[in-house]
Every structure is written in C-alpha cells, then in structure tokens.
Amino acid sequence: MSGTRQTGATAADGGPVTILKADNVGMTFGEGAGTVEAIRKVDFELFKGETLAIVGPSGCGKSTLFNAIAGLLPPTRGHVELAGRRVHDAVGHVGYMLQKDLLLPWRSVIDNVVLGLEVRGAPKSKSRAIAMDLIKAYGLSGFEYARPATLSGGMRQRVAIMRTLAFDPEVILLDEPFSALDFQTRLLLQADVSRIIAERGKSAILVTHDIGEAIAMADRVLVLSARPATVRALHVIDLPKAGRDPVALRTDATFQAYFARIWADLEMPPATANVA
Ligand code: ADP
Ligand code: MG
C-alpha cells in the first residue's frame, strides 16, 4: 500500500475521472396533501480518489440523498450513476456507513467485519484473512473476539469502517458517521477515517451537518439549502490533504475562511444562490 492519495486521477484527456454522478436528482415523499418534497434538484460528480462532503442543515434531505446514492431508494426524478451504470444495478459497488454503527451485538468484532463478505458469499477462510488484516492495520488487534458492547464508540465506528472496506467497494458513503460520538473522539476518527480512505485509494462521499468535519475531511464541499434541498455552492478545499490534522486545523486561517464562507452559504436565501 503506497499511502499516496489518488485525488484527481486523470482521464486520457487530462481531466479528473468521474466515478459517480447525480443527475437532476429530486425526491418527494407521499402523495396529495401529505406530500413532502425532500430534494428539489441536486447535481454533482464524484471524482475517482476524492472525498466529497455534502453539507446542509438538519432535515434538508441529506440522508434521503444518501439513500438515493446508495441505491436504497430510487429518486422520484433524475438518477445516480456509478461508473456509467444506474446505482440500482450497481449494488455491492457502494459501501456505506451510518451514524449508528449498526454492529450486531451478539457477534464478535471479526464476525462483524466479515458480515458484508459473508452476505456476498465469499469463502469463509478468505473473509477471515481479509478481516484479520484490517483489524491489525487499524489498531484493533487483541479485540478480534470482543463483543461490540465492550468497545468504546470510537472503536465501534472503526469496526464499522472495516466492515465497509472488507468487500472493497468502489465508493464509500458516510452519513453523519461521527455525530453520535463525543467531540474528541470525533476529531480523532475524522483523521483516522480520512487516512484509511486515502491509503486505500477510495472515493468517498461524506454527508454531514458539521462544517468543520466537511472541511477537515474533504477535497470538495457541496453545500445544500434547507429542505427541499438544492445546491447552494461547491467549494474546492485547497488545504494540503496529507496529514490534515482536524485539531490543528481549527486554528488555521484558511480553514476558518472556508468555515465562514460555508456558514454564509447555509444562511443565504435561495434567490441569491451562487453555485461556484
Ligand atoms: P437530513 O438527513 O438532512 O437531516 P432527511 O433526508 O432525513 O434529512 O429528511 C429530509 C426530509 O424528508 C425531512 O423533512 C423528513 O421528515 C422527510 N422524510 C425523510 N424520509 C421520509 C419518508 N420515508 N417519508 C416521508 N418523509 C420523509
Ligand atoms: Mg440525516
């Protein structure tokens, strides 16, 4: 594993390679008087090797968008493509991780890590070897046979990311993955998970309402309006990716400038929306 980040993997024409694309996605729940329009119109591209953060206020439709990207919920308008295929045809190529770690409490760490592989019918010995490598690489050696209840919240989220990585998805989706954790653990895991994604050369989408988390972890940040979600802005985060330290960043002037801009985007009325 080289550890080098593959951000901006380039196509033959020199441009970035698009791995996932959301095209005119809209989502409305229910019918008649009880209709809830969650997403009005969202378009974006995810480039190979990058982390794209999607930020927006609580209730704006982020998890709904996440479900559309994961292929769990077909959008009512538009579509999501993964490497040129509609996502509902690409099940297994997107791995996701949610706010709640959703580990099975009766299974040990290793048995939780192999879960995705098991569901996909991978041979048991191969699955366990992959899981053991991940557990070792990401600092949970000695806990292979521990039950989730005996682990800290941060450790459980690490098991959840290992489970996501085990089946080697092309794209990793994270929906508010750290919001249930205390502030310190959250900052440490942001650094951890960013490093893991970079080391594995994965493309990722991080959905979050936490502006600081988005800037600390992403190459680009897509800002959504309040519900029904539309795209407010798209910022390229021009901070050195390697070794971005979420703690040190808090006092970095560039970080603070991005924070102020995204904060302003979120407060801005839709009529003056400015898509960078
Ligand atoms: P976020 O993740 O940004 O907090 P969600 O995507 O969870 O927001 O929800 C966006 C809006 O859509 C909310 O108003 C929510 O109540 C509504 N919503 C989400 N899922 C459903 C559903 N299955 N049926 C009806 N309304 C829903
Ligand atoms: Mg949500």
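Heads up: the structure comes first, above all this text.
So, here's what we can say about the structure. All figures in this text were calculated on a predicted structure; none of them were measured in a lab. (Residues numbered from 1 in each chain as written. Chains lettered and ligands numbered in written order. Predicted model: local features only at pLDDT ≥ 70, side-chain atom pairs only at ≥ 80, totals over all residues. Heavy atoms only, no water.)

## Looking at the overall build of the protein
Okay, step 1: Across its full length, the protein holds nine helices and ten strands.
Okay, step 2: Put simply, the protein has 276 residues, and 48% of those count as buried. (Helix = DSSP H or I, 4+ residues; strand = E, 2+ residues; numbered from the N terminus. Buried < 20%, exposed > 50% of the residue type's maximum accessible area, 1.4 Å probe, protein only.)

## A short note on the pairing of strand S9 (residues 220–224)
Okay, step 1: Burial of S9 is extensive: five of the five residues sit out of reach of the surface.
Okay, step 2: Alternating residues of S9 divide into Arg-220, Leu-222 and Leu-224 and Val-221 and Val-223, and every residue in both groups is buried.
Okay, step 3: As judged from the four bridges shared by strand S3 (residues 51–55) and S9, these two strands associate in the parallel manner. Paired with Val-55 across the two strands is Val-223, which belongs to S9.
Okay, step 4: Pairing of S9 with strand S10 (residues 229–236) involves five bridges; the strand directions are antiparallel. In the sheet register, Val-221 faces S10, and the bridge partner there is His-235.
Okay, step 5: Following S9, the chain reverses through four residues before pairing antiparallel with S10. (Pairing = 2+ DSSP bridges.)

## Things to note about helix H9 (residues 253–267)
Note that an α-helix has 3.6 residues per turn; residues three or four places apart therefore point the same way.
Okay, step 1: With 15 residues, H9 ought to run about 21 Å at 1.5 Å a step, and its terminal C-alpha atoms sit 21 Å apart, in line with that.
Okay, step 2: All of the buried residues along H9 are Phe-255, Tyr-258, Ile-262 and Asp-265. Seen along its axis, H9 keeps its buried residues to an arc of 85 degrees; they face one direction. Opposite the buried face of H9, at more than 90 degrees from it, the exposed residues are Ala-253 and Glu-267. (Expected span 1.5 Å × (residues − 1). Arc of directions from axis to C-beta.)

## What about the packing of aromatic side chains?
What characterises a pair of aromatic rings is the spacing of the ring centres plus the angle enclosed by the ring planes.
Okay, step 1: Throughout the structure, instances matching the rule amount to two aromatic pairs.
Okay, step 2: Ring centres 6.5 Å apart and planes at 15 degrees place the aromatic pair Phe-259 and Trp-263 in the stacked group. On the criterion of helical spacing, the pair formed by Phe-259 and Trp-263 is a turn pair, its members being four residues apart in helix H9.
Okay, step 3: A relative accessible area of 49% places Trp-263 in the partly exposed class.
Okay, step 4: Above the ring of Phe-167, the side-chain terminus of Arg-120 is found at 3.6 Å from the ring centroid. (Phe/Tyr/Trp six-rings, centres within 6.5 Å; stacked < 30°, edge-to-face > 60°. Lys NZ or Arg CZ within 6 Å of the ring centre and 35° of its normal.)

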